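# Summary of the model geometry
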Amino acid sequence: MKQKIWSLALALVLLLSLALPVVAVTANDARNSVVVVSTLLATDAGNVGFGHGSGFFVSDQYLVTNHHVIEDFEQYGAGELITMTADGATLSGRAKIRVYYDSGNYEEAFLVGSDSRRDVAILRLSGPTDQRVSLQLKVPTDDMVGSTVYAAGFPGLADNIVADATSSWSKNDSTVTSGTISRMVTQSGTGQRNVQIDCDIKHGNSGGPVIDETGAVIGIATWGVSNNNESVNYAVNIEDAMMLMDQYRVPYTMAGESAQTGSAGNLAFVIGIAAAVLIAASVIVVIMRRKKQIPAPAVPAAPQKVPTVRSLAQVNYGSRAPVSSQPVLIGRSGACGLRFPNETPGVSGSHCTVQWDTQNGDFIVMDLNSTYGTFLMSGQKLSPNVPYHLRPGDRFYLADQNNTIALELE
């Protein structure tokens with residue numbers, strides 16, 4: 001009887017595991033994630049196409065592309081109704097983004113967020129799709145230089161409206177080109193890290209994934225520089241897209257890990273049900289044995305950790321303040337919960353705030369239009385008065401990395 005019960009429990013666990021996300025794991029499977037991303041202006045006189053590029057899915061509803069692929073959409077009202085004059089006639093219309101699975105099968109996508117400096121845009125469908133699979137992500141490192149990578153996309157499509165370059169825009173019309181990582185490049189001034197590759201990158205590859213040999217995305221194909229003798233191609237570091245996805249709580253999966261942000265709840269649900277099945281099976285076995293249960297000694301509950309901001313700056317090293325749902329002010333003024341000395345360079349009187357999001361279990365950082373800015377450790381400057389979600393263990397700084405703040409649970 002015991003063996004039958006455990007067999008049933010294991011069968012249920014295997015069945016529940018089918019609910020886990022499906023991800024592409026080979027270079028060729030990347031074609032199952034890539035789509036054509038098109039922008040157009042839909043007017044009462046007809047549609048005007050702007051251009052096309054590539055994009056790839058990071059979940060069943062969200063996809064990533066380059067900002068320059070959809071910048072015309074933003075320049076023409078970002079979906080808001082606009083009016084214009086052409087040949088003496090007044091027209092009205094809306095800019096739109098379309099995701100094509102093939103030339104006769106598309107749906108509208110909506111802009112979640114974009115970063116023109118890093119050339120990244122995140123798009124969302126109105127609902128999940130089963131017509132493509134999602135790709136896992138992996139942050140590239142210097143020790144990956146020289147390793148093989150692949151670029152997938154629809155070359156010949158971007159920045160023009162010529163549709164004849166491909167027969168149907170289906171996944172079978174996408175191409176995969178191979179190459180190696182030449183080096184990691186840090187841009188002077190911005191500190192932005194890009195990936196230099198020798199894959200063949202053409203216009204239509206813009207926004208498509210650059211993947212390693214396991215099928216994990218390490219970058220976004222974006223641009224190339226060439227002369228008569230040689231060409232150099234670049235990919236946006238996927239970490240830049242991850243920061244934008246984290247800001248908007250977009251689900252994605254790291255290679256070798258469970259789903260992040262929004263997908264984590266689904267995964268936890270599945271694991272929880274599986275654990276419950278195993279526990280129930282154990283209880284039945286114990287009852288069948290008719291053994292007397294000996295109450296286990298009570299274990300005291302672990303003390304709850306307190307969200308805390310802590311300064312790593314030399315001028316006030318170790319200074320800290322507890323964080324709750326009420327914002328903690330950081331700066332030089334006497335009203336600050338975490339205060340810097342008056343002579344601290346770059347720190348404003350009321351520089352930024354940090355509060356705890358009890359529902360999501362993370363910190364919310366917001367710059368208060370400070371003079372010299374608030375920055376993520378990647379160098380990304382926070383837009384004033386815009387909330388940014390950061391996880392426990394993350395850090396950020398005020399004006400200069402000498403003024404670094406740690407977000408901790410103590």
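A quick note: this is a predicted structure, and the numbers were derived from the prediction, not measured. (Residues numbered from 1 in each chain as written. Predicted model: local features only at pLDDT ≥ 70, side-chain atom pairs only at ≥ 80, totals over all residues. Heavy atoms only, no water.)

We now examine the pairing of strand β2 (residues 34–43). Here is the key point about a regular strand: its side chains alternate between the two faces of the sheet. For β2, the tally of buried residues reaches 10 of 10 residues, placing the bulk of the element in the interior. Alternating positions in β2 separate into two faces, V34, V36, S38, L40 and A42 on one and V35, V37, T39, L41 and T43 on the other, with burial throughout. Both β2 and strand β3 (residues 46–57) contribute to a ladder of 10 bridges, which runs antiparallel. Within β3, the position partnered with L41 by the bridge is V48. What sits between β2 and β3 in their antiparallel hairpin is a turn of 2 residues. (Buried < 20%, exposed > 50% of the residue type's maximum accessible area, 1.4 Å probe, protein only. Helix = DSSP H or I, 4+ residues; strand = E, 2+ residues; numbered from the N terminus. Pairing = 2+ DSSP bridges.)

Turning our attention to the packing of aromatic side chains. What the rule picks out here adds up to 4 aromatic pairs. Where Y100 meets Y106, the ring centres are 5.0 Å apart and the plane angle is 45°; that geometry is what we call tilted. Accessibility expressed as a relative area gives 9% for Y100, which makes it buried. According to the relative accessible area criterion, Y106 is partly exposed, its value standing at 40%. Ring centres of W356 and F363 lie 4.9 Å apart, and the angle between their planes is 75°; this geometry places the pair in the edge-to-face category. Using a relative accessible area of 15% as the deciding quantity, one classes W356 as buried. (Phe/Tyr/Trp six-rings, centres within 6.5 Å; stacked < 30°, edge-to-face > 60°.)

If you walk through the whole model with that rule in mind, you get 7 salt bridges. The residue D115 makes a salt bridge to R118 at a minimum N-O spacing of 3.5 Å. Considered together, D115 and R118 belong to a single accessibility category, that of buried residues. The salt bridge involving R391 is made with D246; its shortest N-O contact spans 3.5 Å. Of this pair, R391 sits in the loop between β23 (388–390) and β24 (395–398) while D246 is found in helix α3 (residues 238–247), placing the two residues 145 residues apart along the sequence. Residue R391 is classed as partly exposed on the basis of its relative accessible area, which comes to 33%. The network of salt bridges with shared partners includes D115, R118 and D240. (Salt bridge = Lys/Arg side-chain N within 4 Å of Asp/Glu carboxyl O.)

Linking two cysteines covalently via their sulfur atoms produces the bond known as a disulfide. Throughout the structure, instances matching the rule amount to 0 disulfides. As a non-bridged cysteine, C336 has C352 as the owner of its nearest cysteine sulfur, 8.7 Å distant. Under the relative-accessibility criterion, C352 is labelled buried at 0%. (Disulfide = S-S within 2.5 Å.)

Here the focus is the pairing of strand β6 (residues 89–102). Note: β2 against β6, 8 bridges, orientation antiparallel. What sits directly across from S38, in β6, is R98. As judged from the 5 bridges shared by β6 and strand β7 (residues 105–115), these two strands associate in the antiparallel manner. Looking at β7, one finds that I97 is bridged to A109. In sequence, β6 turns back onto β7 through a hairpin of 2 residues.

Before going further, it helps to spend a moment on the confidence of the model for the protein chain. Scored by pLDDT, the protein chain comes out at a mean of 78, with 73% of its residues at no less than 70. Per-element averaging of pLDDT across the protein chain places strand β1 (residues 23–24) at the bottom with 44 and β24 at the top with 95. Scored below 50 in pLDDT, residues 157–167 makes 27 contacts in the model with residues more than four places away or belonging to other chains. (pLDDT = per-residue confidence, 0-100. Contact = heavy atoms within 4.5 Å.)

Every buried residue of helix α2 (residues 67–75) is listed here: H67, H68, V69, I70 and F73. Two residues or fewer past α2, G77 is found with a positive phi of approximately 95°.

In this section: unusual backbone geometry. Phi at D119 takes a positive value of approximately 60°, unusual for a residue other than glycine. Structurally, D119 is set in the loop between β7 and β8 (120–125).

Strands pair in a sheet through their backbones, by hydrogen bonds, and they do so in one of two ways: parallel or antiparallel. In spatial order, the strands read β17-β16-β25-β24-β22; together these 5 strands make up an open sheet with antiparallel pairing. For this open sheet the edge positions go to β17 (320–322) and β22 (374–376), each flanked by a neighbour on one side alone. Going across the sheet, the axis of each strand differs from the next one's by a mean of 25°, ignoring polarity. Across 3 bridges, β22 lies against β24 in antiparallel orientation. Along β24, the bridge assignment pairs T374 with L398. (Axes fitted to C-alpha atoms, helices over the stretch in contact; angles between N-to-C directions.)

Taken across its 10 residues, α3 has 9 buried, putting it largely inside the fold. When we look at burial in α3, the residues that qualify are I238, D240, A241, M242, M243, L244, M245, D246 and Q247. For α3, the side-chain oxygen to backbone nitrogen distance between the N-cap and E239 is 2.9 Å, and the N-cap itself is N237. (Polar contact = N/O pair within 3.5 Å; in protein donor to acceptor, adjacent residues only side chain to side chain.)

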